[in-house]
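# Coordinate analysis (summary)
Now for the letters of each chain:
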Amino acid sequence: MLTMIDEGAPYGIAAGPDGALWFTLVHQGRIGRLVPGQDPEIHQLDPADGLPTVITPGPDGAMWFTEYKGGRVCRITADGQVTAYPTSSPYGLVAGPDGAMWFTQMEPGRIGRIGPDGILTAFDVPVEGGMPSFIAAGPDEALWFTLNQGNAIGRISLSGEVSVHPLPTEGAAPVGITCGPDEALWFVEIGAGQVGRIDTSGKITEFPLPDRAARPHAIITGPDDALWFTEWGANRLGRITTDGDIKEYPLPEFGTVETVGEGDGAARKAEPHGLTVGPDGAIWVALEAGALARIAGA
């Protein structure tokens, strides 16, 4: 089932504590809120050119999101009130076990923290040009993150101690990461077309996808104790069990895009990015082509 979003291009999506789905409209500088079965509410950001990307619930009952280009980590309340914290190139974002918001800073290569008191601190990642991307809370009172250009998975303790675990596959370019149902961290390798697993001791296992050019982007734990991920380059949604069994599901295409010299045009891809478990227990996927997709029976 598709819910069309005429107001922009959905990128990140998360379920809020208010029973709604919250999503970023990356190119339009907007935040959307959708109660399944109702019309979406759209909140315009000011300025609107910040490229809002990842969104996630905070420990304070509000939603938090990053503006990568605008250099802001922001908090938004249910009625649309926004508080911004200036920082440099934030991308991934998650609530930590210490009641703080932890985020990645891609270009300076740091992990940032916003405490409950609003104070910002940052910790250097010892991988030059590593580009920390997504970040997740682990089962070990630490935060785990992907190093997209560092070809590694990082771990940071609550006191700021960083350790780095190189990936076996060259050019893997990990992006999304999440805590799995087996108390390991699961991640996707957009460059290698694989799903990876790392336990808290640092042991890494990689699972090649049937289509190595699928460009997996984001990953979550589903309601069925499997891992679900988006395949941005292949217009699909993937599912992998903790035993490594993989299934893939096609996503809809959106009409046609006119191609120079070709009157019939080419099929427009859905461009799946973020995904989440909705308040209705289904998987919801943000499609940059202009919709939210609900996958029933997950």
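Please refer to the structure higher up on the page.
Residues numbered from 1 in each chain as written. Predicted model: local features only at pLDDT ≥ 70, side-chain atom pairs only at ≥ 80, totals over all residues. Heavy atoms only, no water.

### Brief notes about the layout of surface pockets
Any empty space left between the atoms is revealed when a probe the size of a water molecule rolls over them. When its volume is computed, the largest pocket comes out at roughly 590 Å³. Mapped by element, the contributors of at least two residues to the lining of the largest pocket are strand 2 (10–15), strand 6 (52–57), strand 10 (90–95), strand 14 (132–137), strand 18 (174–179), strand 22 (216–221) and strand 28 (272–277). A breakdown of the residues in the lining of the largest pocket according to their chemical character gives 21 nonpolar, nine polar and no charged. Each pocket or cavity is described by its volume, and for the second largest pocket that value is around 330 Å³. Together, 16 residues line the second largest pocket, and Tyr11, Tyr91, Val175, His217 and His273 are the ones closest to its centre. (1 Å grid on protein atoms, 1.4 Å probe; cavity = no way out; pocket = protein on both sides within 12 Å on 5 of 7 lines; lining within 4 Å. Points joined across faces, edges and corners; volume = space filled by probe spheres on them. Helix = DSSP H or I, 4+ residues; strand = E, 2+ residues; numbered from the N terminus. Nonpolar A, V, L, I, M, F, W, Y, C, P; charged D, E, K, R; others polar.)

### Comments concerning the pairing of strand 15 (residues 142–147)
The buried count for strand 15 comes to six of six residues, which makes it a mostly enclosed element. Residue alternation in strand 15 divides its side chains into two sets, Ala142, Trp144 and Thr146 and Leu143, Phe145 and Leu147, and both sets are buried. Summarising the sheet, strand 14 and strand 15 pair through four bridges and their orientation is antiparallel. By the bridge assignment for strand 15, Ala136 is matched with Trp144. The antiparallel hairpin formed by strand 14 and strand 15 contains four residues in its connecting segment, where Glu141 sits at a positive phi of about 60°. (Buried < 20%, exposed > 50% of the residue type's maximum accessible area, 1.4 Å probe, protein only. Pairing = 2+ DSSP bridges.)

### Focus: the side chain of Gln194
Relative to the helices and strands, Gln194 resides in strand 20 (residues 194–198). Residue class for Gln194 comes out buried when judged on its relative accessible area of 5%. Side chain to side chain, Gln194 and Thr169 meet in a polar contact 3.2 Å long. At 3.2 Å, the side chain of Gln194 and the side chain of Arg212 are in polar contact. (Polar contact = N/O pair within 3.5 Å; in protein donor to acceptor, adjacent residues only side chain to side chain.)

### Digging into the sheet that holds strand 13 (residues 120–124)
Strands belonging to one sheet form pairs held by backbone hydrogen bonds; the direction of such a pair is parallel or antiparallel. Read across the sheet, four strands follow the order 10-11-12-13 without closing on themselves; strand pairing throughout is antiparallel. Lying at the two open borders of the sheet, with one neighbouring strand each, are strand 10 and strand 13. The sheet shows a mean angle of 25° between the axes of neighbouring strands, taken without regard to direction. (Axes fitted to C-alpha atoms, helices over the stretch in contact; angles between N-to-C directions.)

### Details of the pattern of salt bridges
Considering all chains together, one arrives at 13 salt bridges under this definition. The closest approach of N and O atoms between Asp140 and Arg155, which form a salt bridge, is 3.0 Å. Of the two residues, Asp140 sits in the loop between strand 14 and strand 15 while Arg155 sits in strand 16 (residues 152–157), which places them 15 residues apart along the sequence. For Arg155, a relative accessible area of 22% gives the class partly exposed. Within this structure, Asp211, Glu231, Arg236 and Glu248 form a network of salt bridges that share partners. (Salt bridge = Lys/Arg side-chain N within 4 Å of Asp/Glu carboxyl O.)

### Regarding unusual backbone geometry
Here the residue pair Asp46 and Pro47 is connected by a cis peptide bond, since its omega of 5° sits within 30 degrees of zero. The topology assignment puts Pro47 in the loop between strand 5 (41–44) and strand 6. Phi at Ser89 takes a positive value of approximately 40°, unusual for a residue other than glycine. With respect to the helices, strands and loops of the structure, Ser89 is situated in the loop between strand 9 (82–86) and strand 10.

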